[in-house]
Structures are given as structure tokens and as C-alpha cells.
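# Observations on the three-dimensional arrangement
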Amino acid sequence: MAVDSIRFDHIYISVDGYAIPAKDFGDAEINVTCGGDAGETRAGKGGGREVVYKDDRIDSVKFTLRGSSSMVNKLQQYHTNHTSITSLIIKDMNPERQRTWTTNSAHVKSYDDVSVTGNSAWAFTVECIDNFEIN
């Protein structure tokens, strides 16, 4: 499973057409997880091999927003009302990497109140229903 960490000052995230201002992200890195293994091969009896299937193929993004961000309430409502996200765009704006992850189907799996550099913040986990397309 690939996990890409992106610094908060090199990120662009858009949820259903609403871009999150870069200043709203907490100091924590943003983690994009994608391309999980469908299974792993283990040594079996007598030198054979067996495939153990896993259910960890869910692509997701984890990020922290400052409590003052206008997107906090919107994302909390997505979670509470079980509303699907129909457009999620994540761009790594680092000039050396410049990658984009997109999906047309995701949901806010969870959120939690955290503290980032002494300020109130919210940590969000957004999971894809359809996996990310990577450009």
C-alpha cells in the first residue's frame, strides 16, 4: 500500500468544488493512501505458497483543518448526514513531485477534535468508494 505524505504548504484539496484554503490546514502532514494490496503471498506447507486476501484496498486521505476553517462544518455535515462526496481532488503542489489524485465517490469516514500547535483543530479521514485516479 502506498502512502504519500504531503506538507500542508504544498497541498490543494477541493471537495465538491469547494477548495480548502492552504492557510486552513494544520501543521500536520496530509497523508494520501492508495493502491492497497489485494493479498499477500505466504509460504505454505511443503514449500508451496498461499495467497492471503486482505480488505485494505480502500484509498483514503487524512488531513487536519484549523477549527476556524469554513470547511470544518461542511465536512462534519457530510459525515453526520451520510452525504457522499461527488468530487474530490487532491494536488501535491511540490514542484519536484506534482501529482494529482481524483475520485468521484468518497465519504467522510471520521473526524476528531485535536490540538495543533496550541490551536483547536479537526482531523478528518475521507475514504474513497471508488479508488483514486492518479495523474
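Details of the structure are given in the entry above.
About the cut-offs
- Residues numbered from 1 in each chain as written.
- Predicted model: local features only at pLDDT ≥ 70, side-chain atom pairs only at ≥ 80, totals over all residues.
- Heavy atoms only, no water.
- Pairing = 2+ DSSP bridges.
- Helix = DSSP H or I, 4+ residues; strand = E, 2+ residues; numbered from the N terminus.
- Phe/Tyr/Trp six-rings, centres within 6.5 Å; stacked < 30°, edge-to-face > 60°.
- Buried < 20%, exposed > 50% of the residue type's maximum accessible area, 1.4 Å probe, protein only.
- Lys NZ or Arg CZ within 6 Å of the ring centre and 35° of its normal.
- Core = buried A, V, L, I, M, F, W, Y, C linked by side-chain atoms within 4.5 Å.
- Contact = heavy atoms within 4.5 Å.
- Salt bridge = Lys/Arg side-chain N within 4 Å of Asp/Glu carboxyl O.
- Arc of directions from axis to C-beta.
- Polar contact = N/O pair within 3.5 Å; in protein donor to acceptor, adjacent residues only side chain to side chain.

### Points about the sheet that holds strand β12 (residues 133-134)
Ordered by their spatial adjacency, 5 strands build an open sheet running β3-β2-β8-β9-β12, and the pairing between neighbours is antiparallel. Since the sheet does not close on itself, it has two edges, and those belong to β3 (18-19) and β12, each with one partner. Strand direction decides the pairing type here: strand β2 (residues 11-15) and β3, joined by 2 bridges, are antiparallel. Paired with Val-15 across the bridge in β3 is Tyr-18.

### Here's the deal with the packing of aromatic side chains
Using the criterion set out here, one finds 4 aromatic pairs in the structure. Aromatic pair Phe-25 and Phe-63: ring centres 6.0 Å apart, planes at 80 degrees, arrangement edge-to-face. With Phe-25 in the loop between β3 and β4 (30-34) and Phe-63 in strand β7 (residues 60-66), this pair connects stretches of sequence that are 38 residues apart. Accessibility expressed as a relative area gives 3% for Phe-63, which makes it buried. By way of ring pairs, the aromatic residues Phe-25, Phe-63, Tyr-111, Trp-122 and Phe-124 are connected into one cluster. Here Lys-74 stacks its cationic end above the ring of Tyr-18, 4.2 Å away from the centre of that ring. The residue whose ring lies beneath Lys-91 is Tyr-12, and the NZ or CZ to ring-centre distance is 5.4 Å.

### Side note on the nonpolar core
One finds Ile-13, Phe-63, Leu-65, Leu-75, Leu-88 and Ile-90 to be the most contacted residues of the largest nonpolar core, which totals 26 residues. Residue assignment for this core shows that the elements contributing at least two residues are β2, β4, β7, α1 (70-80), β8 (88-92), β10 (106-116) and β11 (119-128). At 4 residues, the largest contribution of residues to this core is made by α1. Discounting residues that sit within four places of it in the chain, Leu-88 has contacts with Ile-13, Ser-14, Val-15, Val-61, Trp-101, Thr-102, Thr-103, Ala-106, Val-126 and Phe-132.

### Here's the deal with the pattern of salt bridges
Think of it this way: side chains of opposite charge can pair up when their charged atoms draw near. Counting across every chain of the model gives 6 salt bridges. One salt bridge in this structure joins Arg-97 and Asp-92, with 3.1 Å as the shortest N-O distance. Overall, Asp-92 belongs to the buried group, its relative accessible area being 2%. Overlapping salt bridges, with partners in common, bring together Asp-4, Asp-92, Arg-97 and Arg-99 in one network.

### Some thoughts on α1
Of the positions making up α1, those classed as buried are Met-71, Val-72, Leu-75, Gln-76 and Tyr-78. For α1, the angular spread of buried residues about the axis comes to 155 degrees, placing them on one side. On its buried face, α1 is in contact with β2, β3, β7, β10 and β11. A side-chain oxygen of the first residue of α1 lies 3.2 Å from the backbone nitrogen of Met-71; this N-cap is Ser-69.

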